[in-house]
Amino acid sequence: MSGYIGKVLRINLKLKSIKVEELDIEKAKKFIGGRGLGTKLFMDEVDPKVDALSPENKLFIVAGPLTGTSVPTGGRYMVVTKSPLSGTIASSNSGGHWGAELKAAGYDVIIIEDKADEPVYITIEDDKVEIKEASRLWGKLVTEVTNEIKAEMPDKAKILTIGPAGEQLSKMAAIMNDYDRAAGRSGVGAVMGSKNLKAIAVKGSGKTPIFDEAKLKEANTGFMKQIREHGVTGTGLPTYGTAVLVNIINENGVLPTNNFQTSHFEAADDISGETMTNEYLLRKNPCYRCPIACGRWVKIEDMGLEVGGPEYETLWAFGSDCGISDIVSIFKANYWCNEYGLDTISVGSTIAAAMELYEKGYIKDDELDGTSLAFGNPDATIEWTQKIGKKEGLGAKMAEGSYRLCEMYGVPELSMSVKKLELPAYDPRGIQGHGLQYATSNRGGCHVRGYMISPEILGVPEKLDRFTLEGKAAWVKTFQDLTAVIDSLGLCLFTSFAMNAADYTKAYNAVCGTEHTVESLLEAGERIYALERLFNLQAGIDPAQDTLPKRLLEDPIPEGPSKGNVHRLSELLPEYYTLRGWGENGIPESDRLSKLGL
């Protein structure tokens, strides 16, 4: 059972029962772990039509077989549940050190069932697992909760928690770990809050078993060399963090500005990785076993704080998407998202949508409680982030996400979202493959289900013309399948800049003793992707939702290097469905499902 610990921790909060079960190893290997295994277990136990915030929904926290090993970046874990924001499958990934600690404590999976009668938290010290009363922690911010629980746990315990946003059932609530790492997207924090579960603390003393230590050591030497010598993972990300993308994306004319009304931001350099590194960076903040160290730690002088710095998407969401060039205000908005436990992409995008609603006269002054919603006002993002976290005033409407907010005012088309999940920081009108990936992502508007920015903008593994359609459907499918593999193994997606499918196959085989080929591992990725599709269809997410906001399909980019382009989704989607074996209407065909063992 190398790579896998072989244990599932099942906790029923209503019954206060704690059970340790054997992991079905054949099922684990068929769906790898992490995202894939979590989705399979979820579908085996939960009706896809379940109300996401009801006690009948379950929360699966799943490590991968490479989580907690010496493979570079092997610290990831996945939260799988039904999304209250989109109604799709929610599989939210996080880094830091918590996932590796879960494996060290002796578990591959935690399953959280039902709802506690009052607020609780869970402590795990190897085989000692307890459910504890948490009324003293309820309502507190993430840092305070983390510090309080750390003080009562053994040294170097890792803490996963929700903030007040999760308690308030905000559909944009995240699950936080290690202070500033987040399983951020799809509202998974609201599911945790709906169960009256505040936190899970874990401290382990074990190790993940390895099938062939010598072969793994040899493979890791090669992986480290590739990562350190690659321009993106060896120079760009270590030097500037993910914020290295701000100027790159803007120079291509695809940095969404003012809620995607345009896609070129004159003040982009003011919110760039170069500016953050040169003027505000205190230190790097690497995740477990990560040689890339893209995490940042920055100072906010007027608040007397040293905090986790914003990622690229956060700089965009609270920056150009809201027409703001004050980088310190972005630090503050990011800080409040981390403290309240909120997804920075969805929150920033929802504020941008609200700004456009205000600009066009849908939101009136008497709804604002004196807080501005004007594009370009840096105080607005700071204030509205806190109001969203507290569900205060108009912030209560905004806490439902941009789609529901815009729908309340009769203009859902002003929400820049897919399947109700807000789009991230790349305008697909100037990146055709990436737009197809947005439309077909199983969790909605997401960039990390098949990161086509890599070939279309960065030229990795080869440079594609971002405006053309030829071959893009095949590229998207391959990237989506490979990403499903990486998410399921328990590694960081950023390794894929320097590593390829053969490398992941080598790592999995060395750790687990499997005999995968590249083809069989990618088939496992396709199996996972098809299973997620089946969940969505059974949940009522029909193929008509494989689309993009009307603005991106009909309104050409008005200025900049990508001027004049719209997204040509209707020309790409049929070929994509054919390649997936999803027929003409986006429904997986029985022959393909049979081939995949579904």
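See the structure printed just above.
To keep things clear, this report deals only with the structure shown in the data block.

Rules and cut-offs
Residues numbered from 1 in each chain as written. Predicted model: local features only at pLDDT ≥ 70, side-chain atom pairs only at ≥ 80, totals over all residues. Heavy atoms only, no water. Buried < 20%, exposed > 50% of the residue type's maximum accessible area, 1.4 Å probe, protein only. Helix = DSSP H or I, 4+ residues; strand = E, 2+ residues; numbered from the N terminus. Arc of directions from axis to C-beta. Contact = heavy atoms within 4.5 Å. 1 Å grid on protein atoms, 1.4 Å probe; cavity = no way out; pocket = protein on both sides within 12 Å on 5 of 7 lines; lining within 4 Å. Points joined across faces, edges and corners; volume = space filled by probe spheres on them. Nonpolar A, V, L, I, M, F, W, Y, C, P; charged D, E, K, R; others polar. Core = buried A, V, L, I, M, F, W, Y, C linked by side-chain atoms within 4.5 Å. Polar contact = N/O pair within 3.5 Å; in protein donor to acceptor, adjacent residues only side chain to side chain.

1. As for helix α4 (residues 142–152)
- When we look at burial in α4, the residues that qualify are Val142, Val145, Thr146 and Ile149. The buried residues of α4 all sit within an arc of 100° when viewed along its axis, so they share a single face.
- Buried residues along α4 sit in contact with β7 (120–125), β9 (158–161), β10 (175–177), β12 (197–203) and α12 (327–340).

2. Observations regarding the layout of surface pockets
- Taken as a whole, the second largest pocket spans an internal volume of roughly 410 Å³.
- Mapped by element, the contributors of at least two residues to the lining of the second largest pocket are α3 (98–105) and α7 (213–229).
- The element contributing the most residues to the lining of the second largest pocket is α3, with four residues.
- Along the lines of polarity and charge, the residues of the lining of the second largest pocket split into five nonpolar, six polar and eight charged.

3. What to know about the nonpolar core
- Ile249, Ile351, Leu373 and Tyr426 are the most contacted members of the largest nonpolar core, which totals 145 residues.
- With 29 residues, the next largest nonpolar core counts Leu9, Ala105, Ile124 and Leu160 among its residues.

4. What to know about the environment of Asp481
- By the element assignment, Asp481 lies in helix α19 (residues 472–489).
- Since its relative accessible area comes to 3%, Asp481 is described here as buried.
- Aside from chain neighbours lying at most four places away, what touches Asp481 is Leu522, Gly525, Glu526, Tyr529 and Arg580.
- Within polar-contact distance, the side chain of Asp481 engages the side chain of Arg580 at 2.9 Å.

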